[in-house]
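Residues per chain are reported as follows:
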Amino acid sequence: CCSDNEDLFDGYDSIMCDSSFLAKLEDVELNIEHENVCSDSHPAKSTIKHSCDDDLTDSIFAEDLPESSLRDLPSSQLAFNQNVANPNGLPSLCIESTSTPDVKHSEQRSFPTHDKKPQSKARRSMTDQLKKAMLENAGTSNRVSKTVLQKEAAMSEEISVAMQAFESVPMEGDLGPFFGLPSKVKDLIMRIKGIQDLYEWQKACLDLDSVKQRKNLIYSLPTSGGKTLVAEILIFKELLCRKKDALLILPYVALVQEKVRGLASFGNELDFMVEEYAGSKGKFPPMKRRAKNSLYITTIEKGHSLVNSLIETSRLDNIGLVVVDELHMLGDGSRGAILEMTLAKVLYMNTNTQIIGMSATLGNIEDLQRFLRADNYTNDFRPVELKEYVKLRDSIYEVDPKEEQCFRFCRLLDFKYSSGLQKMDPDHIIALVNEVIPHQSCLIFCATKKNCENVAGMICKYLKKSFLAHREAEKATLLNELRNSGNGSLCPVLQRTVPYGLAYHHSGLTSDERKLVEEAYSSGVLCLLACTSTLAAGINLPARRVILRSPYVGVDFLKRSQYKQMVGRAGRAGIDSVGESILILQEKDKDKVRQLVSAPMEKCYSNLLHDGSKGLLSLILSLIGLNITQTVEQVIDFMSGTLLSVQEAQTCQQKSLKELTAESIEILKQKGLIEAVSATANEPGVRVTRLGRATYKGSVDLSYCDVLYRDLSKGLEGLLLNSFLHLVYLVTPYDMVSQCKPDWMLYYTQFAKLSPAEQKMAATIGVPESFVARKAAGQSVRKCMDALVVNRLYLALVLYSLLRETNLWSVSDRFQLTRGFVQMLLSSASAFCSCVLHFTEELEEFWAYKALLTELTRRLTYCVQAELIPLMEVAGVMEHRAKQLFSAGYKTLAHLANADPNVLVKMVENLFKKQANQIVASAKLADTMGQSGLRNFGGGFTPFLIAAVFFHTLQAWSVPASGFESVNLELDVSRVYRRVDERFLSVAIDANLMTQEKFMYLLGSPKLRTLAKALTPAFLRFGGTKQDFMQFSPQRDPSSSKDLSNLPSPGHSCNRFELPPLLEQRLRQEWALQASILHLEELLGKYHRVKFSESALDLLYDFANCSGLDLIFGLNALLRTPDNIWDSQNAELLMNYCESRQYIMSWELGNEPNSYEKKAGIRVDGHQLGEDFLHLHKILQKSKIYNSSGLYGPDISQPRDHRKDLLTGFLETAANAINACTWHHYYVNGRDTSLEDFLDPEVLDTLAVKTNEIFETVRSVSPGKRVWLGETSSAYGGGASGLSDTFAAGFMWLDKLGLGAKMGLDVVIRQVLLGSGTYHLVDDNLDPLPDYWLSVLYKRLVGPQVLKVGVTASPNAQHKRRIRVYLHCTNRESSSFRQGAVTLFALNLSQNQATLSLPALFSNSTIEAYVLQPGEEGLHSRDIRLNGVLLKMLDEQTLPPLRGTDLPPGEHLKLPGLSFAFYVLKQAHSPVC
């Protein structure tokens, strides 16, 4: 801010009084207006311009003024500009409140340009505008200090002097203090890069006539020779002196990101923009900037797209310089073809653009010179001498091509090997590395990723313990950082090797891990990296010694260029006087290696004909689409300027280039990408079709453009809008499909977890559940399926899982993929999503995708929590660092851009000064460019809002508004309407837990026992479909697992047996997979028979007994004699064992006998089933323990057709043998249901219908017989994925409890506490799900006495049905409430809040409310909140306190929409409670 004695106008008052200045200003305005009128006579192509130009009428200064330019203005002028841009004082959109003015957040509206502009309005006086703005802003502080302004002025003057010299002095000779650049550039190079002076070759290269005369140039030197600095100086010269933009093309995303970080500080200091174009980042065409020039740093693919967009908008002449690093990439397959296309277009369209190519030495540099019309500069300079060696057996030989054998003996290895070590390390790697580490660095290049990890692990086993002490604290910090980057997960190999200063480096690491490993190696914390060949082609990580583990990359023998790249990493400039490489070879490879070290460099050939001429086809398509060529002859003419033309004799041996071009044009016509049109002079013309334009604009592979169009079209027919999955599938890259083969069991496991709507979508695209199930079961599939679709959906499931939980480690572990591959898939999907977005923008029929894909691209790019995305846009900031910055208070780009690096280092753990400087510099650039998520992907404000709204709706579902305000309740607390068993709410454990006895040990989990105890008193039913396929086999080994066999057998002492935590964790993980296998078994209807031993029974009874649950054991009814009579021998064997152990329990016989024929091909009618029960009853009567135990059955499915006859026949025969008649009920089919079903009153009412039918049958045969709901949940078939284990399921469960008790069901047994499927009460980690918490509250608050309650005075019957209420006496056994209290529980199936009005009689009663609502994910949440507090266990054996909220007497009950609640009326004074 200004000091008191500082002039607020700072000299501007003289301008206000200078009428001549104002007159000149008016003249400038008129001249520009005249130029605009002239330019209107040549209309440009129709584009969308994201600005407010058409609304600005006060001043020409607002015309096309970029946002970034506002940051260059003093604060008083900022207000003037805002007044001009917003004359009506309209509020700006989305302005974020920060401590400093933040112009970038002032959103611009988008208007389409038209051929005719609207008439300009009368403009206010410029004098008035200036005076008004200055007076209004007299008190506004100037953010820029005078010192800074003076420094900038000095630099500008120096640049101006250099520019004048550049224009006036002959091209040869010195143009300025530093190769034509201001001295500040030299100072910055020294301060930021630490480079004191240039090498002689660099000076010579910069003084070349071709450089001074701006000719194209190729310069080639060995690796680590310093090529990049020359290119950067030429870039600075272009940006600062010639005021032109520059394009730097790099081969890899990691290199682009590193270079953006490295040059961000230069951009801030020298006042130019550094813009990243990699992955999904980059705007096409780039934003126009008047005040600053831009350096575009791009990958090969993004560079091509950028050049295309500049050609299309006639802005290619803005690019004054194109620099290509690793020019030899021209010979690298499809990427080489893209690079050739880019350079050929630049050469053809703009002869004023200079092209600079850098490369290692090439064998045919002359071809590239002819192609680029370039001079060549070659030098063999290396800053550090390189000595090359090979190792054969225990001897080291120096490589000397002058020698006849190429190798000259040097020395023997001096390291003592034991026989054991010799066996472990036959290549003597440990001897070689011990000569240099830990005080010097070493790289070991390995043939495979797995070999990297093995080598690093093997070396650290045999290193001395003294290695652990070397920089110990820094290595501990590195491990902590690696663990944090993995959200708590750490690679076990790195955990073992890093303490010794070793690590591995390959594509299996995440980008966060690679960055941390690279930084640690560069700083000397790590002294050795075992790496793949990709490190040699990536960032510069030199070493004192480079070891090549073998002369192979994978299974392919090394190329000369690969070898030179790897050995070129040896020798650290400024540290080592010499670098050395050692290639380990075997006798069989000796001759090949001789050729390798002495052979000339490989030649670089055009790849336009690679892979079926894809490159040539793509080039021709874009030439026609961009109107570079409009006839066949013009296309042929263009092709004469390509590298392919230069090398036509070598590459086009069967057909000439002209023939190939004509043939390619015909292929494009056949594909519908171009079409013939009439042209002048009898010359056939061609133009691009809509599909063709979309293909090249989206940079879509021609092999997939028609497939993509078909997929998108089919997607529109039934786009799934309540899940990400469909969209994610559509943007899953086609070219990644071949890189991953599905694990069919994992595929099925994840498929089974999809919601019914998602499974239906999968079937629609061609992957039905039955197909995946059969593949998982190892069965043959007759129907031929499209492998591309099937495998693509598998990858889509990986991405879908990653989007939902953003934890890369857990997803990679779940799908058994390397985390590096998963991250590469995510990055590729992000880039392809951006391509698909541009593809759809060109096709009107796909308008609906635009907003959706804009937001999806953003989510795929960062895949983090939404609040971290702005910080992730800063180059070099990964997820963990973003979390640290956010926690430290740096929550926006503006915060970070204005940060002090010194303060940042103190605030953020393990952040070094250099990193802090780079982060702040990058944040300033990103903040200045306005690269917020809103504009980063080319979408305007409106589509973003549409997408945001769409994706918000994915988080929740809303029922149509009911419109009611209140309902009146009538309570009758004077008498008990019904009375149910105190164990009314009971639970089951699925018998399939016993399919492998080791899983029964899960019942020893202290956590599970704690959860079970909270549900007492209750029955524990052990049964289900699997019980009829199980056989008791005594004296069998308790388990085949060594870990389990050593456990003590459980007994009557509940403290005697407890499952060890590590074993429990392993069993949980294995059970998740086992549950999928069981679900698959049920789906296919083929059940495997299993046997169980005494140990399984002991574990089961111990769990029930120690948890306070009354066990009901289900016997196998499908063990039958040839006469179809139940064979009781095995049951008697089991009961004898249980009796010997004094196990008190009840019994069932069989499960759902109505389905025996379907499951096992055995038909049992009702009377025969009754006879079986009578037989069992007689056996029990003979037992001393079980003669009075319970017997329940027949566990029939809900009544329908022959099931009623079966039940009737059974009761007629065996009604007197059973204590209660049991039946099963589920509302819906889990594979074909929706959220609407879970909230539909009509669906909930089906329970009453079926219950009445059961009661009618029972009363007609055996009046007074108790009826139980022996098995029940929301959906049969294992539950509804994504619904049965969420908050939404609570509506069905609570209503079933209320309605079931009201109708007279004595017991309701919930399927399941633990078992397969998705309707369980606890998840795979044994964490409670919403229905569990609901059940616990029910147990604590609801007693067995059922009271009457009614809903009256509702203005609409439909509303009445959406409010469902039930009334019981309060459970005084498990609560501290006084006598006479009643519990009202209610469900609100509407999205609107409901007000429940109690009768006046209860107006004086204090009410304790327990309102249950979902977690953050809405109705699909697996979390639940009680009175706003998220319910979680405090620890493994402690439940949280379940506290109600007291409401004052007389207050109406307010029940939020889509929620349920318990209300305890403490002073209800019920005489029966």
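Our structure's up above, just so we're on the same page.
Residues numbered from 1 in each chain as written. Predicted model: local features only at pLDDT ≥ 70, side-chain atom pairs only at ≥ 80, totals over all residues. Heavy atoms only, no water.

### Some remarks on the overall build of the chain
Okay, step 1: From N to C terminus, the chain includes 58 helices and 43 strands.
Okay, step 2: A burial count over the chain gives 57% of its 1473 residues as buried.
Okay, step 3: In the chain, 77% of the contacts between residues at least 6 apart in sequence involve partners at least 24 apart.
Okay, step 4: Element-wise, carbon and sulfur atoms account for 49% of the exposed surface of the chain, whose accessible area totals about 61600 Å². (Helix = DSSP H or I, 4+ residues; strand = E, 2+ residues; numbered from the N terminus. Buried < 20%, exposed > 50% of the residue type's maximum accessible area, 1.4 Å probe, protein only. Contact = heavy atoms within 4.5 Å. Areas by Shrake-Rupley, 256 points an atom, 1.4 Å probe, with all protein chains shown as cover.)

### Here we look at the state of the cysteines
Okay, step 1: A full pass over the atoms with the stated rule returns one disulfide.
Okay, step 2: Put simply, Cys1369 and Cys1473 are joined by a disulfide, and their sulfur atoms are 1.7 Å apart. As the torsion about the S-S bond is roughly -70°, the Cys1369-Cys1473 disulfide counts as left-handed. Of the two residues, Cys1369 sits in strand 35 (residues 1363-1370) while Cys1473 sits in the segment after strand 43 (1459-1465), which places them 104 residues apart along the sequence. Comparing Cys1369 with Cys1473 shows no difference in burial state: the two are buried.
Okay, step 3: With no disulfide of its own, Cys446 lies 4.2 Å from the sulfur of Cys452, the closest cysteine sulfur. (Disulfide = S-S within 2.5 Å.)

### Here we look at the packing of aromatic side chains
Okay, step 1: Following the criterion strictly, the structure yields 42 aromatic pairs and no others.
Okay, step 2: Summarising the aromatic geometry, the rings of Tyr552 and Phe557 are spaced 5.3 Å apart at their centres and angled 90° between planes, so their arrangement reads as edge-to-face.
Okay, step 3: One aromatic cluster in this structure is built from Phe1022, Phe1032, Phe1092, Tyr1101, Phe1113, Tyr1137, Tyr1143, Trp1147 and Tyr1186.
Okay, step 4: One cation-aromatic arrangement involves Arg978 over Tyr977; the distance from NZ or CZ to the ring centre is 5.2 Å. (Phe/Tyr/Trp six-rings, centres within 6.5 Å; stacked < 30°, edge-to-face > 60°. Lys NZ or Arg CZ within 6 Å of the ring centre and 35° of its normal.)

### With respect to the side chain of Thr510
Okay, step 1: Counting through the fold element by element, Thr510 comes out in the loop between strand 14 (502-505) and helix 21 (511-522).
Okay, step 2: Setting aside its immediate chain neighbours within four residues, Thr510 contacts Leu808, Arg819 and Gln823.

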